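A closer look at the structure
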Amino acid sequence: SNLSRSTGGPALSAREATKVESTIVAKAQDHGDTDTSARLGGRSDESIRRIMDRNKGAIFAIYNRALRKDPTLAGKLVFEMQIEPSGSISGVKLVSSELTDDSLTQKILARIRMIRFEAENVVATTVNYSFDFLPY
């Protein structure tokens, strides 16, 4: 019992934290890297996925209408979109489509152009996104 009571006292409280000095901020200011656009990033994958999931119902409604006319419609649609800081989509480009109905593909891309994201303090973000369309 004598050994467990004698733990050396408050030895850990006498330690000091180590200070580190950095010249990164000073060098960035010397090179003129104080522009906020250089420090801004793009939109997060999570925020993009959240908004796309909110609009998935409208996109799949277009697919389901086309599916009534052609029950064999199925495939993956991959597109690239550019999302502006204001939240608007400034460009949608088809990367690939396994859907055989070009009219359906164009309707889906038109609906995607209508999606509005939240305005954020970010740079314009370009992202590839895909939908898998499968009949029931």
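The preceding data block contains the structure.
Residues numbered from 1 in each chain as written. Predicted model: local features only at pLDDT ≥ 70, side-chain atom pairs only at ≥ 80, totals over all residues. Heavy atoms only, no water.

1. Points about the pairing of strand 2 (residues 89–97)
In the sheet, strand 1 (residues 75–83) pairs with strand 2 via seven bridges, with the strands oriented antiparallel. Counterpart to leucine 77 in the pairing with strand 2 is serine 97. Two successive antiparallel strands, strand 1 and strand 2, enclose a turn made up of five residues, where glycine 87 displays a positive phi of approximately 105°. (Pairing = 2+ DSSP bridges. Helix = DSSP H or I, 4+ residues; strand = E, 2+ residues; numbered from the N terminus.)

2. A look at the nonpolar core
Membership of the largest hydrophobic core comes to 26 residues, with the highest contact counts inside it found for Met52, Phe79, Met81, Ile108, Ile112 and Phe117. The set of elements that each furnish at least two residues to this core consists of helix 4 (45–69), strand 1, strand 2, helix 5 (102–113) and strand 3 (125–133). For this core, the leading source of residues is helix 4, giving eight residues. Once residues lying within four places of it in the same chain are set aside, the contact partners of isoleucine 108 are Ile59, Ile62, Leu77, Leu99 and Phe133. (Core = buried A, V, L, I, M, F, W, Y, C linked by side-chain atoms within 4.5 Å. Buried < 20%, exposed > 50% of the residue type's maximum accessible area, 1.4 Å probe, protein only. Contact = heavy atoms within 4.5 Å.)

3. What about a positive patch on the surface?
Where like charges cluster on the molecular surface, the positive patch consists of Arg65, Arg68, Lys69 and Lys107. At three residues, helix 4 tops the list of elements feeding residues into the positive patch. Structurally, arginine 65 is set in helix 4. Looking at arginine 65, the relative accessible area reads 47%, which means it is partly exposed. (Patch = residues over 30% accessible without salt bridge, like charges linked within 9 Å, V, L, I, M, F, W, Y side chains within 5 Å. Areas by Shrake-Rupley, 256 points an atom, 1.4 Å probe, with all protein chains shown as cover. Salt bridge = Lys/Arg side-chain N within 4 Å of Asp/Glu carboxyl O. Lys, Arg positive; Asp, Glu negative; His and termini not counted. Charge placed at Lys NZ, Arg CZ, Asp CG, Glu CD.)

4. A short note on the packing of aromatic side chains
Per the stated rule, a full pass over the model turns up eight aromatic pairs. Among the aromatic residues, those joined into a cluster by ring pairs are Phe60, Tyr63, Phe79, Tyr129, Phe131 and Phe133. (Phe/Tyr/Trp six-rings, centres within 6.5 Å; stacked < 30°, edge-to-face > 60°.)

5. Quick word on the layout of surface pockets
Each pocket or cavity is described by its volume, and for the largest pocket that value is around 160 Å³. Every residue along the wall of the largest pocket is listed here: Ile62, Arg65, Ala66, Lys69, Asp70, Leu73, Asp101, Ser103, Leu104 and Lys107. When contributions to the lining of the largest pocket are tallied by element, the ones reaching two or more residues are helix 4 and helix 5. Here the lining of the largest pocket gets four residues from one element, more than from any other, and that element is helix 4. Taken together, the residues of the lining of the largest pocket sort by class into four nonpolar, one polar and five charged. (1 Å grid on protein atoms, 1.4 Å probe; cavity = no way out; pocket = protein on both sides within 12 Å on 5 of 7 lines; lining within 4 Å. Points joined across faces, edges and corners; volume = space filled by probe spheres on them. Nonpolar A, V, L, I, M, F, W, Y, C, P; charged D, E, K, R; others polar.)

6. Focus on the environment of leucine 73
Following the sequence through the fold, leucine 73 ends up in the loop between helix 4 and strand 1. When the C-alpha atoms of leucine 73 and proline 135 are compared, they prove to be 7.2 Å apart, with 62 residues separating the residues in sequence. Among residues more than four places away in sequence, those in contact with leucine 73 are Tyr63, Ala66, Leu67, Thr100, Asp101, Leu104 and Pro135.

7. Considering the environment of alanine 66
Here alanine 66 lies in helix 4. Separated by 37 residues in the primary sequence, alanine 66 and serine 103 have C-alpha atoms spaced 9.4 Å apart. When near neighbours in sequence (up to four residues on either side) are disregarded, alanine 66 contacts Leu73 and Leu104.

8. Concerning the side chain of threonine 125
Examined against the element boundaries, threonine 125 turns out to sit in strand 3. Polar contacts involving the side chain of threonine 125 include one to the main-chain amide nitrogen of arginine 43, which spans 2.9 Å. Reaching out from threonine 125, the side chain makes a polar contact with the backbone oxygen of valine 123 at a distance of 3.2 Å. With near-sequence residues (within four places) excluded, threonine 125 lies in contact with Gly42, Arg43, Ile48, Met81, Gln82 and Ile83. (Polar contact = N/O pair within 3.5 Å; in protein donor to acceptor, adjacent residues only side chain to side chain.)

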